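Per-entry structural report
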Amino acid sequence: MTRFQKLTAATVAMTFALVTIGVFVRATDSGLGCPDWPFCYGQVVPPLDDAKAWIEWVHRTVAAVLGLMVVGVAALAFLDHRDRRSILWPSLGAVALVGFQAWLGRETVRLGNSGESVTAHLAAAMTVLALLIFILVRSYYPARIGGRGASQRFTILAAFGALATFALLLFGSNVTATNGALVFPDWPLMGGSALPPLTDVTTAHVLHRWVAVVVGIIVIGIALAAWRTQRGHPWVVRLAVTAGILFPVQALIGGLQVLTQLSEWTQTLHLALGAAIWGALVGATVVSYYEARTSAVPGVRSGAGEGVATDRAAPEGGSVAMVAPAPSTLRETIRSYIALTKPRIIELLLITTVPAMVLATREVPGIEWTGWTWLVLWTLVGGTLAAGSANAINCYLDRDIDELMARTRRRPLPAHEVPPENAVAFGIALGVLSFAVLAYFVNLPAAFLALLAIAFYVLVYTLVLKRTTPQNIVIGGAAGALPPVIGWAAVTGSVGVPALVLFALVFYWTPPHFWALSLRIRRDYAAAGVPMLPVVRGIPETTRQILLYTLLMIAISLVLFAVARMGAVYLAAAVVLGAIFLWRAIGLWRQGSSPEQSTAQAIRLYKYSISYLTLLFLAVAIDAIWLIPVG
């Protein structure tokens, strides 16, 4: 190990120690043991007979030492790696982040250990830990990595698992912040039930347990995937399996917190294990990324930190012509990255978000910048980033078939305008930014739902369903149906029955919408080997399925009228718009035996389906504000 690597590794260990000590401070209620900052009762050393003051003083002292160590990492990065921007700039960023963390510590004391300040303090600490792990791992790999390496599929999976774990840590901190840790005396059930009623008192605790189950499945799944697919990269396997082993242990300790009435050791160990799982998954993500980047280099040992990657490997599912990305101007580069996010699709997703928010509150954003207007704005920003993340990663995973299809071969990756590894990093970065925006400016439930939407679209639809079953768009449509649920959660902090009906409405709208398009481009899908319904089952069966799903969609739209207590405006819109949709679907079904006529009719239905969704959700918003009773 070089001196830089030794110091960075020690700094990672010190950060983990600081997090653990910080939890012990909270568990022992010692956060205000020193009521002032940076001194303790106006002294450098606290009174000898005050145990809580000493606990807090140790916490602050370790934080100060960590700050000096981070400055040392930045100094060595400048001395030894000033030519490596991927090490130098993150090291300088770590200094700024630690300074911000110190400021948050002061604010935590000033605000009397408020729940929000403690959660922000924890989030910043975990971010520092992740950044230092990135710097350490990056230092073991070549300074320059050219060309395209192996698949980044596992990197995407590990990154999602890491972000989901981070979300779980924040959900747990929110339980503490709301004093909800002991609202239920039992574990693993909650008041004798797995599905207790959600109230202002119980919501934080219930969400934490439900999210823990989801994240646990994800983390264990990542460990199994690493064991099966990453045997050639030992450190990836070690880190992922470590996280998979630690998670059930952490869950058990979480249960003991409840059963022991929040004993100090259970609180400390619970979060310490959470930090370890987070660190392991971050490490697995970064190692997986650079292992894939360097795996195509002949003669370079995995993680050896020697050599320069120059070879390129084709992605799974087909061969791609190995053409270097064409040089471009900054404007063209920005345009290419924006194109990765598929802006037209994002517009359609956002159409369903705001009306759900309006329906949940019966309010509309005003011209003045009130809190409600800002909430809508940040929800849209976060939703846009989440959709862009999913679409960018989808472009990376589908780049081989995109090059075979006339409709998609001009996208940035098939056109070699963006390196594939950059597209992966860009997509993951957008996902992280989306979660940060929604968690900070909106709320954690909305942020976690957006994260699930990204994961479902990327992992379930793109990786599993799209190339294996003609039902791909049916099941995969759940990802596109989540925006109204996210909008509802953004203003209520939970998911109500009307939100679930809106989800079902978009879910059943997706197959007629997309199958109508796929009828036109069925030859593209056939050439690319994608088993879309028109390719596998033919045109007549596809038109029949479109008609059946149209009937289900219209039925759901009428169910919403009853469930959400809508008025005459919505009812009229649902009936009229649904009737037109049904008329077009019947017309398409009748022409199913004629490819040319059915294709033309399918395009008309496809275009109308966009208008249908837009106008129906507009009616939802108008009706929620201007309710006209029926009868």
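Residues numbered from 1 in each chain as written. Predicted model: local features only at pLDDT ≥ 70, side-chain atom pairs only at ≥ 80, totals over all residues. Heavy atoms only, no water.

To continue, consider the overall build of the chain. The helix and strand tally for the chain stands at 23 helices and 0 strands. Whereas a compact globule of 631 residues would reach a radius of gyration of roughly 25 Å, the chain reaches 26 Å, a difference of no more than 12%. Each principal axis of the C-alpha distribution contributes one length, and for the chain these read about 85 × 70 × 45 Å. Looking at the chain as a whole, 53% of its 631 residues are labelled buried. Considering only contacts in the chain between residues 6 or more positions apart, those separated by 24 or more positions represent 75%. By element, 67% of the accessible surface of the chain is carried by carbon and sulfur atoms, the whole surface being about 27,300 Å². Charge separation in the chain, taken as the distance between the mean sites of 43 positive and 30 negative side-chain charges, equals 11 Å. (Helix = DSSP H or I, 4+ residues; strand = E, 2+ residues; numbered from the N terminus. Rg over C-alpha atoms; globule rule 2.2 N^0.38 Å. Buried < 20%, exposed > 50% of the residue type's maximum accessible area, 1.4 Å probe, protein only. Contact = heavy atoms within 4.5 Å. Areas by Shrake-Rupley, 256 points an atom, 1.4 Å probe, with all protein chains shown as cover. Lys, Arg positive; Asp, Glu negative; His and termini not counted. Charge placed at Lys NZ, Arg CZ, Asp CG, Glu CD.)

Attention now goes to the packing of helix 12 (residues 371-397) against helix 14 (residues 420-442). Across the interface, helix 12 lies against helix 14 with an axial gap of 8 Å and an inter-helix angle of 160°. For the element pair helix 12 / helix 14, the angle class is roughly antiparallel. Of the two possible hands of crossing, helix 12 and helix 14 adopt the one that is left-handed. (Axes fitted to C-alpha atoms, helices over the stretch in contact; angles between N-to-C directions. Parallel < 35°, antiparallel > 145°, perpendicular 65-115°, else oblique. Left-handed = near helix turned anticlockwise from the far one by under 90°.)

Quick look at helix 1 (residues 3-27) now. The end-to-end C-alpha separation of helix 1 is 36 Å, in line with the 36 Å expected for 25 residues at 1.5 Å each. Along helix 1, the residues classified as buried are Phe4, Gln5, Thr8, Thr11, Val12, Thr15, Leu18, Val19, Thr20, Val23, Val25 and Ala27. Positive phi appears at aspartate 29, one or two residues downstream of helix 1, with a value of about 55°. (Expected span 1.5 Å × (residues − 1).)

Considering the arrangement of structural elements, one finds threonine 599 in helix 23 (residues 595-625). Judged by relative accessible area, threonine 599 falls into the buried class, the value being 18%. At a separation of 3.3 Å, a polar atom in the side chain of threonine 599 contacts the side chain of arginine 522. Excluding anything up to four places from it in sequence, threonine 599 contacts Leu519, Arg520 and Arg522. (Polar contact = N/O pair within 3.5 Å; in protein donor to acceptor, adjacent residues only side chain to side chain.)

Applying the stated criterion across every chain, the model contains 1 disulfide. A sulfur-sulfur distance of 2.0 Å marks the disulfide that ties cysteine 34 to cysteine 40. On the S-S bond that ties cysteine 34 to cysteine 40, the torsion sits near -80°, and the link is left-handed. Here cysteine 34 and cysteine 40 have matching classes, each one buried. (Disulfide = S-S within 2.5 Å.)

What follows is about the side chain of histidine 81. Assignment of secondary structure puts histidine 81 in helix 2 (residues 51-81). Judged by its relative accessible area of 14%, histidine 81 is buried. Among residues more than four places away in sequence, those in contact with histidine 81 are Phe4, Leu76, Ile87 and Leu88.

Turning next to the environment of tyrosine 570. Mapped onto the elements, tyrosine 570 comes out in helix 22 (residues 568-590). Of the residues examined, tyrosine 570 reaches a relative accessible area of 0% and is grouped as buried. A sequence separation of 350 residues divides tyrosine 570 from isoleucine 220, and the C-alpha atoms of the two residues are 45 Å apart.

With that settled, the discussion passes to the pattern of salt bridges. Inspection of the entire model under this criterion finds 8 salt bridges. Ionic pairing is found between aspartate 80 and arginine 3, a salt bridge with its closest N-O pair at 2.8 Å. You can see aspartate 80 sitting in helix 2 and its partner arginine 3 sitting in helix 1, a full 77 residues away along the chain. As a salt-bridge pair, arginine 467 and aspartate 398 come within 3.3 Å of each other at their nearest N and O atoms. Here aspartate 398 lies in the loop between helix 12 and helix 13 (399-402) and arginine 467 lies in the loop between helix 15 (444-465) and helix 16 (472-480), a separation of 69 residues in the sequence. Given the relative accessible area of 25%, arginine 467 is considered partly exposed. (Salt bridge = Lys/Arg side-chain N within 4 Å of Asp/Glu carboxyl O.)

Contact geometry of helix 10 (residues 343-351) with helix 11 (residues 353-361) gives a least axis separation of 4 Å together with a crossing angle of 15°. As far as their axial angle goes, helix 11 and helix 10 are roughly parallel. Every residue of helix 11 that contacts helix 10 at Leu349, Leu350 and Ile351 is listed here: Thr353, Val354 and Pro355. Here the residues of the contact of helix 10 with helix 11 are counted per class, giving 5 nonpolar, 1 polar and no charged. (Nonpolar A, V, L, I, M, F, W, Y, C, P; charged D, E, K, R; others polar.)

Residues Val364, Leu615, Leu618, Ile622, Ile625 and Trp626 make up a contiguous nonpolar surface patch of about 570 Å² in total accessible area. Along the chain, the position of leucine 618 falls in helix 23. (Patch = residues over 30% accessible without salt bridge, like charges linked within 9 Å, V, L, I, M, F, W, Y side chains within 5 Å.)

On to the nonpolar core, then. Generally speaking, a soluble globular protein has its nonpolar side chains buried in company with each other. Formed by 169 residues in total, the largest nonpolar core has its most connected members in Met126, Trp278, Val458 and Tyr612. Every residue in contact with tyrosine 612, bar those within four places of it in the chain, is listed here: Leu505, Trp509, Met553, Ser557, Leu577, Gly578 and Phe581. (Core = buried A, V, L, I, M, F, W, Y, C linked by side-chain atoms within 4.5 Å.)

On to the environment of leucine 552. Mapped onto the fold, leucine 552 is located in helix 21 (residues 539-563). Linking leucine 552 and tryptophan 509, residues 43 residues apart in sequence, is a C-alpha distance of 8.6 Å.

Glancing now at helix 21. An ideal rise of 1.5 Å per residue puts 36 Å on 25 residues; helix 21 measures up with 36 Å between its terminal C-alpha atoms. Positive phi shows up at arginine 565, right after helix 21, with a value of about 55°.

Below, the discussion takes up the confidence of the model for the chain. For the chain, the average pLDDT comes to 88, and 91% of its residues sit at 70 or higher. Across the chain, the element-wise mean pLDDT spans from 85 in helix 10 up to 96 in helix 7 (residues 234-259). (pLDDT = per-residue confidence, 0-100.)

To continue, consider unusual backbone geometry. The residue after tryptophan 187, namely proline 188, is reached through a cis peptide bond having omega 10°. You can see proline 188 is positioned in the loop between helix 5 (153-177) and helix 6 (203-229). Positive phi is not limited to glycine here, since histidine 416 has a value of about 60°. Looking at the element boundaries, histidine 416 is found in the loop between helix 13 and helix 14. Its relative accessible area of 6% is what places histidine 416 among the buried residues. Positioned with a positive phi, arginine 565 is a non-glycine residue whose angle comes to about 55°.

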